Amino acid sequence: MKNKLLKKSFLFVVLAIVLTACNTSEKKEIAAIETAPVIETFTISREKLATELRLPAELTGFQQVDIYAKVSSFVKELKVDIGSQVKKGQVLLILEAPEISSQLAAAQSRQLSQKAIYTASKSTFERLFETSKIEGTISKNDLEQAAARKNSDYAQYQASQASYKEITTMKSYLVIRAPFNGIISARNVNLGAYVGPNGKGSELPLFTIQQQEKLRLSLYLPEIYTGYLSKGDGLSFTVKAINNAIFEAKITRMSGALDNKLRSELVELDVPNSSKILLPGMVAEVFLPLIAKKSTYVVPKTAVITSSLGLYVLVVTNGKTYRTAVKTGRMLKERVEIFGENLENAVLVKIASEEIKDYTAVN
């Protein structure tokens, strides 16, 4: 009887010890959770980030050309001046080169002379050919010589014609006409000035013509942003000379390659300018809306840590923090685009710091 009582007493003591140990461990776990720092977290999500970039650009005439003299000559007549509106084919100036007129007269005389010689040799060959139809009247050798003389004279006649046309073309260069509708933006000659393809007469262009009814807006897009724009996209821009005015244009041409020095892509926009309020040479500021084509992870800037270890965020898993390396993309005022592995639906520390180490308990 006593043994049974002793056994029961022993069991009660063991059970009490076990219950006390369990309560103690639970209290320790609760205490550990309560003493863990309270850290604000959030669940990462994807979104299409839209930002705006401002880039300098330059306005130029849609067509612009410097006009030079093709032949050595002197300025005889000036028909236009700076600011003159010109039409395609309009005479701009007339040059004078007396030696070309002499060359043309000589070429014309040679042409007439060769034509007469060819006409005579051709007539001789035709008579001999008709006579040769009667057997025994003309030898075959004489007929062949007459044919060769006729062909030779015809070749000489063609050469004289080509020479005459060449000098006629050179003379036509003495009258310079506008290649397209535009405005004379520069003039570097006066009456009597010597001009030509060589020497001092070729140092400066005679005129510069610009087409201003439509302008080109040229800008260089940095490599990192080349994927956000495409042909046909509309952009807006401003110029300092015209305050509070916003102009619209569409991307018409993209080079499709990066400049080796600037590492950027040339983009051109056609700007209607019928009012001519915009002038070639103006510097513009272009607003580029950069809307991502794919959704990406966007987090607060405070969630990204920059240290000697690199860029990383603190991912919370099972109540503990883990450093995860990331790369950053575009930035807004308070948010930044990040790229990394295993970030889908991850919980991140919102205000991260280097003081929070790996495996830090998070309440």
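Given the structure is predicted, the values throughout are model-derived calculations rather than measurements.

1. Remarks on the side chain of Thr 296
So, step 1. As for its placement among the helices and strands, Thr 296 is situated in strand E17 (residues 296-300).
So, step 2. The class for Thr 296 is buried, based on a relative accessible area of 10%.
So, step 3. Reaching out from Thr 296, the side chain makes a polar contact with the side chain of Glu 337 at a distance of 2.6 Å.
So, step 4. Setting aside its immediate chain neighbours within four residues, Thr 296 contacts Ser 45, Arg 46, Glu 47, Glu 337 and Phe 339.

2. Re the packing of aromatic side chains
So, step 1. If you walk through the whole model with that rule in mind, you get 6 aromatic pairs.
So, step 2. An aromatic cluster is present here, built from Tyr 118, Tyr 154 and Tyr 157 joined pairwise through their rings.
So, step 3. Above the ring of Tyr 297, the side-chain terminus of Arg 46 is found at 4.3 Å from the ring centroid.
So, step 4. A cation over a ring is seen here: Arg 216 above Phe 62, with NZ or CZ 4.5 Å from the ring centre.

3. Remarks on the side chain of Glu 265
So, step 1. Along the chain, the position of Glu 265 falls in strand E15 (residues 264-272).
So, step 2. Residue classification places Glu 265 among the buried positions, given a relative accessible area of 8%.
So, step 3. When residues no more than four places from it in sequence are discounted, the contact partners of Glu 265 are Leu 219, Tyr 220, Leu 221, Thr 226, Met 254, Ser 255, Gly 256, Ala 257 and Leu 258.

4. Here we look at the confidence of the model for the protein
So, step 1. Of the residues in the protein, 89% have a pLDDT of 70 or more, and the chain-wide mean is 85.
So, step 2. The low-confidence segment residues 12-16 (pLDDT under 50) makes 0 contacts with residues lying over four places distant or belonging to another chain.

5. Section: helix H3 (residues 140-172)
So, step 1. Given a rise of 1.5 Å per residue, 33 residues ought to cover 48 Å, and the 48 Å separating the end C-alpha atoms of H3 matches this to within 8%.
So, step 2. Taken together, the buried positions of H3 are Leu 143, Ala 146, Ala 147, Lys 150, Asp 153, Tyr 157, Ser 160 and Ile 167.
So, step 3. Looking at the buried positions of H3, the neighbouring elements they touch are helix H2 (98-131).

About the criteria used
Residues numbered from 1 in each chain as written. Predicted model: local features only at pLDDT ≥ 70, side-chain atom pairs only at ≥ 80, totals over all residues. Heavy atoms only, no water. Helix = DSSP H or I, 4+ residues; strand = E, 2+ residues; numbered from the N terminus. Buried < 20%, exposed > 50% of the residue type's maximum accessible area, 1.4 Å probe, protein only. Polar contact = N/O pair within 3.5 Å; in protein donor to acceptor, adjacent residues only side chain to side chain. Contact = heavy atoms within 4.5 Å. Phe/Tyr/Trp six-rings, centres within 6.5 Å; stacked < 30°, edge-to-face > 60°. Lys NZ or Arg CZ within 6 Å of the ring centre and 35° of its normal. pLDDT = per-residue confidence, 0-100. Expected span 1.5 Å × (residues − 1).

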